[in-house]
Amino acid sequence: MAEIQFREAIRQAMVEEMRRDESIFLMGEEVAEYHGAYKVSQGMLAEFGSKRVIDTPISENGFSGLGIGAAMNGLRPIIEFMTFNFSFVAFDQIINNAAKIRYMSGGQFRVPIVFRGPNGAAGQLGATHNTSTESIFATLPGLKVVSPSNPDDAKGLLKTAIRDDNPVLFLESEVMYGMKGDVSEDEDYLIPIGKARMAREGEDVTIVAHGRSYWVALKVADRLSADGYSAEVIDPRTIRPLDIESIVASIKKTNRCVIIDESTPFAGISAEITYQIQELAFDYLDAPIARITAKDTPAPYAKNLMEYYMPGEDDAYEACRRVMYL
């Protein structure tokens, strides 16, 4: 294990996989000469050359379609969006081509492609750069959606995603790129897609949180511990496929659940998890499920409003106390 930044873990995963398999290439805006908008691809152009680390025009629809065509013809592209807000420009390519071609061709074509880049709240960048896209893409059969919360998971899950024969959307938090953590140095380090991580065991309430919200959950768990209560924290890691079995197993033990989610509340990730829990574990619930989400509005610009907009630690802490009837 070595302590490195989140962005370095992402880079390490790509570099190791590109050394292993010459069919893998990286393509996106400023990924080559500028080393990536967030310096995730630092040094990769020098090692792999301009045929495998490719700068593109500002045309997400175009280079996403090019990547899908390359994947159908035996290559394994990694498409970087400078922000996943820009993936909306490529919606038709992702939704109607990447997600559906394998099914519509009766399995004649595979689409082994990874779309990756920063997702979710990014601070004071306005509404068009602060969208959590998980709930949008997770509704679509044919796509896998991954959202790591720490550098080690980022490396292991990205390597697995690159080797997957299906399209994977790999959602990274923009504000977590500088986060440091211990990361495996194993060049064959793989974490399975579709398996949640039990981050902290507890008896009194289950907190489900992915991506940056996971760190809010840990702070809430610490506060509850100081009050004499133990919270179980589950990081889904993968939004689709969702490891609902691990979540339900926790609910059967704690009988209470709080979900922290950067998505907006209507039809968000927390709404889907809530439904699945009540379908599979209703008789084990001793209180209504509580959801702490972003506010149901476009993201504001002002710093104080942005802090209010995001799912907060205090709100999550009070929600936990509420479901425990404290």
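All of these numbers come straight from a predicted model, not from anything done at the bench.

Rules of the game
- Residues numbered from 1 in each chain as written.
- Predicted model: local features only at pLDDT ≥ 70, side-chain atom pairs only at ≥ 80, totals over all residues.
- Heavy atoms only, no water.
- Phe/Tyr/Trp six-rings, centres within 6.5 Å; stacked < 30°, edge-to-face > 60°.
- Helix = DSSP H or I, 4+ residues; strand = E, 2+ residues; numbered from the N terminus.
- Buried < 20%, exposed > 50% of the residue type's maximum accessible area, 1.4 Å probe, protein only.
- Axes fitted to C-alpha atoms, helices over the stretch in contact; angles between N-to-C directions.
- Parallel < 35°, antiparallel > 145°, perpendicular 65-115°, else oblique.
- Left-handed = near helix turned anticlockwise from the far one by under 90°.
- Contact = heavy atoms within 4.5 Å.
- Nonpolar A, V, L, I, M, F, W, Y, C, P; charged D, E, K, R; others polar.
- Domains from an automatic or database assignment.
- Salt bridge = Lys/Arg side-chain N within 4 Å of Asp/Glu carboxyl O.
- Polar contact = N/O pair within 3.5 Å; in protein donor to acceptor, adjacent residues only side chain to side chain.
- Core = buried A, V, L, I, M, F, W, Y, C linked by side-chain atoms within 4.5 Å.
- Pairing = 2+ DSSP bridges.

Participant: I keep staring at the packing of aromatic side chains and nothing clicks. Help me out?
Facilitator: Centre-to-centre distance and the angle between the planes together describe a pair of aromatic rings. Within the structure shown, the criterion is met by 9 aromatic pairs. Judged by centre distance (6.2 Å) and plane angle (65°), the ring pair of Phe6 and Tyr177 falls under edge-to-face. On the criterion of sequence distance, the pair formed by Phe6 in helix H1 (residues 6–20) and Tyr177 in the loop between strand S7 (168–173) and strand S8 (180–183) is long-range, its members being 171 residues apart. Relative accessible area serves as the criterion here: at 0%, Phe6 is assigned to the buried category. Residue class for Tyr177 comes out buried when judged on its relative accessible area of 2%. Aromatic side chains Phe63 and Phe81 sit 6.3 Å apart centroid to centroid with 40° between the ring planes, which places their arrangement in the tilted category. Here Phe63, found in helix H3 (residues 60–72), pairs with Phe81, found in the loop between strand S4 (76–80) and helix H4 (91–98); they are 18 residues apart in sequence, far enough to count as distant.

Participant: I'm lost on the packing of helix H9 (residues 244–254) against helix H10 (residues 269–281) in this one. Help?
Facilitator: Between two packed helices, the angle of one axis relative to the other and the distance separating the axes together describe the packing. Close contact between H9 and H10 brings their axes to 10 Å; oriented N to C, the two are set at 60°. Classified by the interaxial angle, the pair formed by H9 and H10 is oblique. The way H9 lies across H10 gives a crossing that is right-handed. On the side of H9, the interface is formed by Ile244, Ile247, Val248 and Ile251, while H10 contributes Ile273, Gln276, Ile277, Leu280 and Ala281. In the contact of H9 with H10, the residues fall into 8 nonpolar, 1 polar and no charged.

Participant: Is there a simple way to explain the domain arrangement of the protein in this structure?
Facilitator: Where interface size is quoted, it is often the accessible area lost as the parts come together. Here the protein is described as being made up of domain 1 (2–183) and domain 2 (197–323). For domain 1 and domain 2, the distance between their C-alpha centres works out to 26 Å. Joining domain 1 to domain 2, the criterion identifies 2 salt bridges. Here Asp153 ties to Arg237 by a salt bridge, and the two come within 3.2 Å at their closest N and O atoms. Joining domain 1 to domain 2, the criterion identifies 12 residue pairs in polar contact (both at pLDDT 80 or more).

Participant: Teacher, can you tell me more about the nonpolar core here?
Facilitator: Note that soluble globular proteins tend to have their nonpolar side chains buried in a common cluster. In this structure, Phe81, Ile94, Phe115, Phe137, Leu169, Ile247 and Ile277 are the most contacted members of the largest nonpolar core, which totals 41 residues. Every element with two or more residues in this core is listed here: strand S2 (24–28), H3, H4, S7, H9, strand S13 (257–261) and H10. Counting only domains with at least three residues in this core, you end up with domain 1 (2–183) and domain 2 (197–323). Setting aside residues up to four positions removed in sequence, Phe137 forms contacts with Phe84, Ser87, Phe91, Ile94, Leu143, Val145 and Leu169. Val15, Met44, Leu45 and Ile78 belong to the second largest nonpolar core, which has 30 residues in total.

Participant: What am I meant to see in the sheet that holds S4 here?
Facilitator: Strand pairing in a sheet relies on backbone hydrogen bonds. The paired strands run either parallel or antiparallel. The strand order S3-S2-S4-S5-S7-S6-S12 describes an open sheet built from 7 strands, whose pairing is mixed. Of all strands in the sheet, those bounded by a partner on one side alone are strand S3 (53–55) and strand S12 (238–240). Taken over all neighbouring pairs, the strand axes of this sheet differ in orientation by 20° on average, direction set aside. Of the strand pairs in this sheet, strand S6 (residues 144–146) and S7 are connected by 3 bridges, and their pairing is parallel. Among the inter-strand pairings, Val146 is bridged to a residue of S7, identified as Phe170.

Participant: Please explain the sheet that holds strand S10 (residues 205–209) as it appears in this structure.
Facilitator: Taken together, 5 strands build an open sheet; the order of strands is S9-S11-S10-S13-S14 and the sheet is mixed. Of all strands in the sheet, those bounded by a partner on one side alone are strand S9 (197–200) and strand S14 (290–293). Pairwise comparison of adjacent strand axes, ignoring direction, gives a mean angle of 25° for this sheet.

Participant: Sorry, what's going on with the pattern of salt bridges here?
Facilitator: Opposite charge on two side chains permits pairing when their charged atoms draw close. By the definition in use, this model includes 22 salt bridges. A salt bridge links Asp164 to Lys144, with the shortest nitrogen-to-oxygen separation between them at 2.7 Å. One end of the pair, Asp164, is in the loop between helix H7 (151–163) and S7; the other, Lys144, is in strand S6, with 20 residues separating them in the sequence. Relative accessible area serves as the criterion here: at 11%, Asp164 is assigned to the buried category. According to the relative accessible area criterion, Lys144 is partly exposed, its value standing at 22%. Residues joined in a network through salt bridges with shared partners are Glu16, Glu17, Arg20, Lys155, Lys159, Arg163 and Asp188.

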